[in-house]
Amino acid sequence: MRTYVITGGTDGMGKGLGLHFLRRGDRVIAIASGATKGEAFRREAAALGGGERAVFLRADLSTLTGMRDTLARVTALADTVDGLVFGAQRFRPRREVTEDGTEFTFALHYLSRFVLGHGLADALERADTPVIMNICGPGGFPGRIHWDNLTLREGYTGTRAAMQASRANDLLGVAFPHRHPNTRTRYVLYNPMMVRTAMADPLPTPQRILTKAAGLVFGRSVDQAVPPIAQLLDEPPADPVTASGAEPGSPSRARTSTRTTRSASTP
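Our subject in this report is the structure included herewith. The structure presented is a predicted model; accordingly, all values stated were derived computationally and were not measured. Residue positions are given per chain, counted from 1 along the sequence in the order it is written. In view of the model being predicted, local features appear only for residues whose pLDDT reaches at least 70, and side-chain atom pairs are presented and counted only at 80 or more, with totals across whole chains, interfaces and linings using the full set of residues. Think of the side-chain values as coming from all heavy atoms in the structure, minus any hydrogens and water.

## Concerning the environment of G66
Spelled out, the test is: The helix count covers DSSP runs of H or I at least four residues long, the strand count covers runs of E at least two residues long, and both are numbered beginning at the N terminus. Relative accessibility under 20% of the residue-type maximum defines a buried residue, over 50% an exposed one, and the middle range a partly exposed one, all with a 1.4 Å probe and only protein chains included. Residues count as neighbours in contact if any of their non-hydrogen atoms are within 4.5 Å of one another.
Take G66: it is sitting in helix α3 (residues 64-77). Residue classification places G66 among the buried positions, given a relative accessible area of 10%. Setting aside chain neighbours within four positions, we find G66 in contact with D60 and L61.

## Topic: unusual backbone geometry
In this model, L152 sits at a positive phi of 50°, which is unusual for a non-glycine residue. Within the element layout of this structure, L152 appears in the loop between β5 (131-135) and α6 (158-179). A relative accessible area of 0% means that L152 is categorised as buried.

## Things to note about the packing of aromatic side chains
A ring pair, where both rings are aromatic, is described by two values, the distance of the centres and the angle of the planes. Filter applied, for reference: Two rings belonging to Phe, Tyr or Trp (six-membered ring only in the last case) form a pair when the distance between their centres is within 6.5 Å. Interplanar angles under 30 degrees mark stacking, angles over 60 mark edge-to-face geometry, and anything in between is tilted. Two conditions define a charge sitting above a ring: the NZ of Lys or the CZ of Arg must be within 6 Å of the ring centre, and it must be within 35 degrees of the ring normal.
Applying the stated criterion across every chain, the model contains 4 aromatic pairs. Between the aromatic rings of Y4 and F21, the centroid separation amounts to 3.8 Å while the plane-to-plane angle is 5°, which identifies the pairing as stacked. One end of the pair, Y4, is in strand β1 (residues 3-7); the other, F21, is in helix α1 (residues 12-23), with 17 residues separating them in the sequence. Judged on exposure class, the residue Y4 and its partner F21 are both buried. With a centroid separation of 5.5 Å and 45° between ring planes, the pair formed by F176 and Y187 is classed as tilted. Note that F176 is positioned in helix α6 and Y187 in strand β6 (residues 186-191), a separation of 11 residues in sequence. By relative accessible area, which is 2% here, F176 ends up buried. On the accessibility criterion, Y187 (2% relative accessible area) is buried. Three or more aromatic residues link up through ring pairs in this structure, and these residues are F106, Y110 and F114. Over the ring of F104 we find R92; its NZ or CZ atom is 4.4 Å from the centre of that ring.

## Quick look at the pattern of salt bridges
Spelled out, the test is: A pair is scored as a salt bridge if a Lys or Arg side-chain nitrogen falls within 4 Å of a carboxyl oxygen belonging to Asp or Glu.
Tallied over the entire structure, the rule returns 12 salt bridges. E125 serves as the salt-bridge partner of R184, at 3.9 Å between the closest nitrogen and oxygen. Residue R184 is located in the loop between α6 and β6, and its partner E125 is located in helix α5 (residues 121-125); the two are separated by 59 residues in the primary sequence. Assessed through its relative accessible area of 38%, R184 is described here as partly exposed. Linked through salt bridges whose partners overlap, the residues forming this network are R2, R24, D26 and D234.

As structure tokens, this is what we get:
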């Protein structure tokens, strides 16, 4: 029985992955902020016969207190973590600042992954084939990191914030073997492309309608998006860091689009 920790684990692809692993007998620790969806996840897990192997941790991963508390609870529950999946994302059309003074998207989409990824490094190393799966956007829209304006005090847009967090996650993956030079953990940056989830719900009405319509035409269902991610978790790449994406036109396959091992081994 393997143990998987999944942020954003009660909705969308996080939930789909969690139920996939529960069906085959693994243990899942799902982390999310909403109690209602957390209870629904536990009911579905029980219906699959995996109720005793499903754990829901309610947490606010946009705050440092929430990140540290989550890390402490996970390490208390699991001495070994086989797979750490980062799926928590929430689009914010308007700028929000957390209690720590950090822009919300940067805190949730990047900083929580930094804290949990490095914080669970020892638990991952105790697994046979440890993997960190960072569902972000390598190879997506360009974006850039605003080094002199990380909290986007000026010129904020939801898209700019999301793209900055994606580029920061690229660097997070590349830096992981630098911080842990003898690690056996494989770090996979993964772009699922367009998937029909609730990600578009916070958008203004016109954009939400257009995005959901595009998803119906061009997107894939969660059930179609899960298999290639699960395969990468079961059979991680040999390189310490890889950037992968869903294979266009093939909902059950993944492709490695960019290898970042050279960057990871060179300061």
